[in-house]
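# Observations on the three-dimensional arrangement
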Amino acid sequence: MNPYSYRVSLRATHPSADLAPLFQQLELTPRRSWRAGQAKPLDGGQGVYRDSYGYAELTPDGQPREWSREQIEDFLRAVHQRLSAHRDCLHAFAAQGGRCGLFVGLFGEEAFGFELQPELSAGLAELKLTLSFDFHPGNDA
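This structure is a prediction, so every number in the text was calculated from the model and none was measured.

### As for the side chain of Arg-65
Note that Arg-65 resides in strand 4 (residues 65-66). Under the relative-accessibility criterion, Arg-65 is labelled buried at 13%. Within polar-contact distance, the side chain of Arg-65 engages the side chain of Glu-70 at 2.8 Å. Beyond its immediate stretch of four places on either side in the chain, Arg-65 contacts Tyr-4, Ser-5, Tyr-6, Thr-59, Pro-60, Glu-70 and Phe-75.

See the structure below:
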């Protein structure tokens with residue numbers, strides 16, 4: 001297997017809700033967030049955010065994790081186990097029109113691959129979590 005590294009974050013969106021209670025219930029600190037209707041700071045306040053959005057890093061310190069230290073499937077399995085304790089919260093958020101998911105950034109110098117077992121994919125789906133992958137050729141800097 002060729003070496004790769006990865007970063008994982010939890011991302012949440014909602015048409016209007018304040019996402020702070022969601023992140024508090026999940027025991028996560030959002031790294032960045034805004035609420036629908038809030039002015040966008042970089043365009044001089046001329047526009048507003050259409051949806052509420054927030055994300056929290058799940059890999060320690062938001063730093064890439066090397067596959068040789070912990071393979072991506074093992075890391076995602078641990079995340080699933082941690083978030084399973086918040087199943088009711090995630091289901092309620094989805095029922096109210098929100099969307100939550102795991103965002104995985106993958107970095108590798110060469111071609112690489114991995115496999116996710118059906119039980120892991122089904123477990124994440126049962127928690128109403130999407131799974132997104134973003135591939136970056138080259139180093140992770």
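Now that the structure has been shown, the text picks up again.
### Details of helix 3 (residues 87-95)
Of the residues making up helix 3, those classed as buried are Cys-89, Leu-90 and Phe-93. Projected onto a plane normal to the axis of helix 3, the buried residues spread over an arc of 95° and lie on a single side. More than 90 degrees from the buried face of helix 3, the exposed residues found are Asp-88 and Ala-95. Its buried side turned inward, helix 3 meets strand 1 (5-14), helix 1 (20-25), helix 2 (72-84), strand 5 (99-108) and strand 6 (129-137). Looking at the residues trailing helix 3, positive phi occurs at Gly-97, about 95°.

### As for the side chain of Thr-59
With respect to the helices and strands, Thr-59 occurs in the loop between strand 3 (52-57) and strand 4. Those residues in contact with Thr-59, other than ones at most four positions away along the chain, are Tyr-6, Arg-7, Val-8, Arg-65 and Phe-75.

### Notes on the packing of helix 2 against helix 4 (residues 118-126)
One can describe the packing of helix 2 onto helix 4 by two numbers: an axis separation of 10 Å at closest approach and a directional angle of 35°. As for the relative orientation of helix 2 and helix 4, their crossing is left-handed in sense. Seen from helix 2, the contacting residues are Glu-73, Leu-76, Arg-77 and His-80; seen from helix 4, they are Leu-120, Gly-123 and Leu-124.

### Some remarks on the environment of Leu-28
Inspection of the secondary structure assignment puts Leu-28 in the loop between helix 1 and strand 2 (32-34). In this structure, the C-alpha to C-alpha distance between Leu-28 and Tyr-55, residues 27 residues apart in sequence, is 9.1 Å. Excluding residues that lie within four positions of it along the chain, Leu-28 makes contacts with Leu-10, Phe-23, Ala-56, Leu-58 and Arg-82.

The rules behind each value
Residues numbered from 1 in each chain as written. Predicted model: local features only at pLDDT ≥ 70, side-chain atom pairs only at ≥ 80, totals over all residues. Heavy atoms only, no water. Helix = DSSP H or I, 4+ residues; strand = E, 2+ residues; numbered from the N terminus. Buried < 20%, exposed > 50% of the residue type's maximum accessible area, 1.4 Å probe, protein only. Polar contact = N/O pair within 3.5 Å; in protein donor to acceptor, adjacent residues only side chain to side chain. Contact = heavy atoms within 4.5 Å. Arc of directions from axis to C-beta. Axes fitted to C-alpha atoms, helices over the stretch in contact; angles between N-to-C directions. Left-handed = near helix turned anticlockwise from the far one by under 90°.

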